[in-house]
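# Chains, contacts and geometry: an overview
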Amino acid sequence: MHEAAATPAWVLLAYLISGVCFILALRGLSSPTSSRRGNYIGMVGMAIAVGTTLVVHIPTIRITPIATPSITRTDWKILAEILVAIIIGGSIGLVTARKIQMTAMPQLVAAFHSLVGMAAVLVGAAAFLNPEAFGITAQIPAFHPSPTSGCCFTGIARGSRVEMGLGVAIGAITFSGSVIAFLKLNGNMSGKPILLPLRHFINLGTLAAILGLIAYFTQDQSPWVFFTVVGLSFAIGFLLIIPIGGADMPVVISMLNSYSGWAAAAMGFTLHNSAMIITGALVGSSGAILSYIMCRAMNRSFISVIAGGFGAVSIGGDAAAIDRPYKRGSAEDAAFLMKQADQVIIVPGYGMAVSQAQHALKEMADKLKTEGVRVKYAIHPVAGRMPGHMNVLLAEANVPYDEVFELEDINSEFAQTDVAFVIGANDVTNPAAKTDKSSPIYGMPVLDVEKARTVLFVKRSMGGVGYAGVDNELFYRDNTMMLLADAKKMVEEIVKALG
Amino acid sequence: MDFISILSIFVLACFVGYYVVWSVTPALHTPLMSVTNAISSVIVVGALIAAAAAGSASSKWLGLLAVALASVNIFGGFAVTARMLAMYKKRERKDA
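Residues numbered from 1 in each chain as written. Chains lettered and ligands numbered in written order. Predicted model: local features only at pLDDT ≥ 70, side-chain atom pairs only at ≥ 80, totals over all residues. Heavy atoms only, no water.

Looking only at helices and strands, one finds 19 helices and ten strands in chain A. Each principal axis of the C-alpha distribution contributes one length, and for chain A these read about 90 × 50 × 35 Å. Burial statistics for chain A: of 499 residues in total, 56% are counted as buried. Across chain A, the fraction of contacts at a sequence separation of at least 24, relative to all contacts at a separation of at least 6, is 75%. With the model as given, the accessible surface of chain A reaches about 20,200 Å², and the carbon-plus-sulfur share is 64%. (Helix = DSSP H or I, 4+ residues; strand = E, 2+ residues; numbered from the N terminus. Buried < 20%, exposed > 50% of the residue type's maximum accessible area, 1.4 Å probe, protein only. Contact = heavy atoms within 4.5 Å. Areas by Shrake-Rupley, 256 points an atom, 1.4 Å probe, with all protein chains shown as cover.)

Residue and element names in this part refer to chain A. Across all of its chains, the model carries twelve salt bridges over all chains by this definition. As a salt-bridge pair, aspartate 366 and lysine 369 come within 3.9 Å of each other at their nearest N and O atoms. Note that aspartate 366 and lysine 369 are positioned in helix α15 (residues 358-370) at a spacing of three residues, about one turn of the helix. Overall, aspartate 366 belongs to the partly exposed group, its relative accessible area being 30%. (Salt bridge = Lys/Arg side-chain N within 4 Å of Asp/Glu carboxyl O.)

Here we take up the nonpolar core. The nonpolar side chains of a soluble globular protein tend to be buried, and buried together. Residue and element names in this part refer to chain A. Residues Met338, Leu361, Met364, Phe421, Ile423 and Ile494 are the most contacted members of the largest nonpolar core, which totals 193 residues. Examining the composition of this core, we find that 15 residues originate from one element, helix α5 (residues 105-129), more than from any other. Excluding residues that lie within four positions of it along the chain, methionine 364 makes contacts with Met338, Ile346, Phe421, Val491, Ile494, Val495 and Leu498. (Core = buried A, V, L, I, M, F, W, Y, C linked by side-chain atoms within 4.5 Å.)

Now for the interface of chain B and chain A. Contacts between the two partners involve 79 residues from chain B and, on the opposite side, 99 residues from chain A. Here chain B packs against chain A, burying approximately 8,200 Å² in sum over the two surfaces, 77% of which is carbon and sulfur. Ranking the residues of chain B by area buried against chain A places Met33, Ile43 and Tyr88 of chain B at the top, with a combined share of 9%. Where chain B packs against chain A, one counts one salt bridge. The salt bridge involving glutamate 81 of chain A is made with lysine 60 of chain B; its shortest N-O contact spans 2.9 Å. Those elements giving two or more residues to the side of chain B that touches chain A turn out to be α1 (3-22), α2 (29-40), α3 (44-52) and α4 (57-85) of chain B. Its residues assigned to classes, the side of chain B that touches chain A comprises 55 nonpolar, 19 polar and five charged. (Buried area = accessible area lost by both parts, 1.4 Å probe. Nonpolar A, V, L, I, M, F, W, Y, C, P; charged D, E, K, R; others polar.)

Time to look at the side chain of threonine 206 of chain A. Residue and element names in this part refer to chain A. Residue position: threonine 206 is located in helix α7 (residues 199-217). By relative accessible area, which is 12% here, threonine 206 ends up buried. In this structure, threonine 206 is in contact with Leu232 and Ile236, ignoring residues within four places of it in sequence.

This part is about the confidence of the model for chain B. Residues and elements named next belong to chain B. Of the residues in chain B, 95% reach a pLDDT of 70 or more, and the chain-wide mean stands at 90. By mean pLDDT, α3 is the weakest element of chain B at 92, and α4 is the strongest at 95. Predicted complex, confidence summary: ipTM 0.93, pTM 0.88. (pLDDT = per-residue confidence, 0-100.)

Residue and element names in this part refer to chain A. Extensive coverage of strand β5 (residues 343-348) is indicated by the burial of six of its six residues. Of the two faces of β5, the one carrying Gln343, Ile345 and Val347 and the one carrying Val344, Ile346 and Pro348 are both buried. Here β5 pairs with strand β8 (residues 419-423) via five bridges, running parallel. Bridge pairing in β8 links valine 347 to valine 422. (Pairing = 2+ DSSP bridges.)

All names here are of chain A. Close contact between α5 and helix α9 (residues 249-271) brings their axes to 10 Å; oriented N to C, the two are set at 25°. Classed by the angle they form, the pair α5 and α9 counts as roughly parallel. As α5 runs across α9, the sense of the crossing is left-handed. Within the contact between the two elements, α5 uses Pro106, Val109, Ala110, His113, Val116, Ala120, Val123 and Gly124 and α9 uses Ile253, Leu256, Asn257, Ser260, Ala263 and Met267. (Axes fitted to C-alpha atoms, helices over the stretch in contact; angles between N-to-C directions. Parallel < 35°, antiparallel > 145°, perpendicular 65-115°, else oblique. Left-handed = near helix turned anticlockwise from the far one by under 90°.)

A few words now on the sheet that holds strand β9 (residues 454-459) of chain A. Residue and element names in this part refer to chain A. Read across the sheet, six strands follow the order β7-β6-β5-β8-β9-β10 without closing on themselves; strand pairing throughout is parallel. Across the chains shown, the open sheet's two edge strands, defined by having one partner strand only, are β7 (404-406) and β10 (480-484). For this sheet, the mean angle separating the axes of adjacent strands, direction not counted, is 25°. Where β8 lies against β9, five bridges are found, and the strand directions are parallel. Bridge pairing links phenylalanine 421 to leucine 456 in β9. Strands β5, β6 (374-379) and β8 of the sheet are contacted by α15, whose axis makes an angle of about 145° with β6. Across the sheet, helix α16 (residues 389-396) is in contact with β5, β6 and β7; its angle to β6 comes to roughly 145°.

All names here are of chain A. Looking at the element boundaries, glycine 45 is found in helix α3 (residues 32-56). It is 37 Å that separates the C-alpha atoms of glycine 45 and serine 222, two residues lying 177 residues apart in sequence. When sequence neighbours within four positions are dropped, the list of residues in contact with glycine 45 reads Ser18, Cys21 and Phe22.

Turning next to the side chain of asparagine 37 of chain B. You can see asparagine 37 of chain B is positioned in helix α2. Exposure remark for asparagine 37 of chain B: the relative accessible area of 0% places this residue in the buried category. Apart from the residues lying within four places of it in its own chain, the contact partners of asparagine 37 of chain B are Val109, Phe112, His113, Val116 and Asn257 of chain A together with Asn73 of chain B.

Structure, rendered in structure tokens:
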């Protein structure tokens, strides 16, 4: 307590400045040109926060154990250990950041989220074991005052216990949830929803138990209470994510992003640290807004996504309709059609990421441009496995960002477009979302590709249906030509045919 | 700082976050996630306090481990964001 009260003003100011730097870092992302500077400002903010903490909490050794005031000197050993920890972690981070393939971005982000979650749990546990160091102790009235122990004992302040409990709980959920999200995205675990019987009952029960224990924690700071909260929170994070299917991952990953922020904020409350609180609030709202945008783009409520199970049961009636006639085309047909076009709009989806077709696609677009064709890209908000996934992949392939358009900005243009080239997307182009009230994706905003004069649809085979388990009406339209092959191979063949 | 001033900072920061994030262009949503990831590792502050404090060996080691984990995130998060942002380029001055 005394320590917290004695925090010098410059320290508070430094943390505030670092918080402002983080705000500016996010603000920079409003346009690609300002974003790079924003990222540097973020790094400066982090350096200020770390530097300030190290200066204020420089590890010391008491030379005279009993004397007051005690004489201390800097403990170089601990300082060195801290630096080693930073160097080890930092180099792992830098190497990973440099080597990671852009298509693996969703996994990487999930893995990073899990680390924030784990760090929050560790900090919470450290604060629980050594509350004096964090200045969160207080005189707590004892249950049974006795002449020997006195009326009170020194324990963790009650308010801090709540903040600490919430912080570790959210951190633990972030950790185990992100681990599952990582395994699903990385393909170590099937993207199919895993549905336990009575799962809603189990989940709500566990959640209630966690909250109850945190409340009880204010009365009894025994280790078992604290560590049961941690354990149950790990379990619920796991249980919450396993029933959620692969294509709902954009929501999950945004949600976990948000949780990692709230965990940091809760820790900030415990430590009375404004940099952590500001950052936590920023990250928390950022993740929440992204989840909202993703849910809106799928026309589903957040609750229904979190409840999971979507896409687990395919719609029986439509699966029988697989024998309907469709037009199949070759790479040469596609090349011919596109060469004649005034405007081609490319609609990429997760399939493009899976087959790494973005570079070939850029080459195709360049060839078309030399033929005088206007080429644009249309991105549905939930295309891919995380928000903005397609944009990053196209940027990686050197597609200029001013050729890439969001759904609202380009949807009206399909009617004046000669060819819509759909590659690896499915549900987001399904016209049934606009017309068929019985469809599970009814009401979801979709790209109006069918309004283009011709639709070229690259798909591995006719058998598989999209994530939602519904057949796509688009395949059987007169103006649709199916290009059945691996996305990358097909695009490469088209490039060849364009000559 | 008392609880109310901390709460005020938190609430106001939530509003700032709300307006700032809505102004982020959808094309940069992936870098947004990776950079928020990096900055939420400011939790390293707590880890450093634990690692530097005397009094509990287990608390110190938990702190050091947390410092290492958060460092992965800080360096990795900013670096991967920088790498992504470097890829976003405008059209090179020739339009059909």
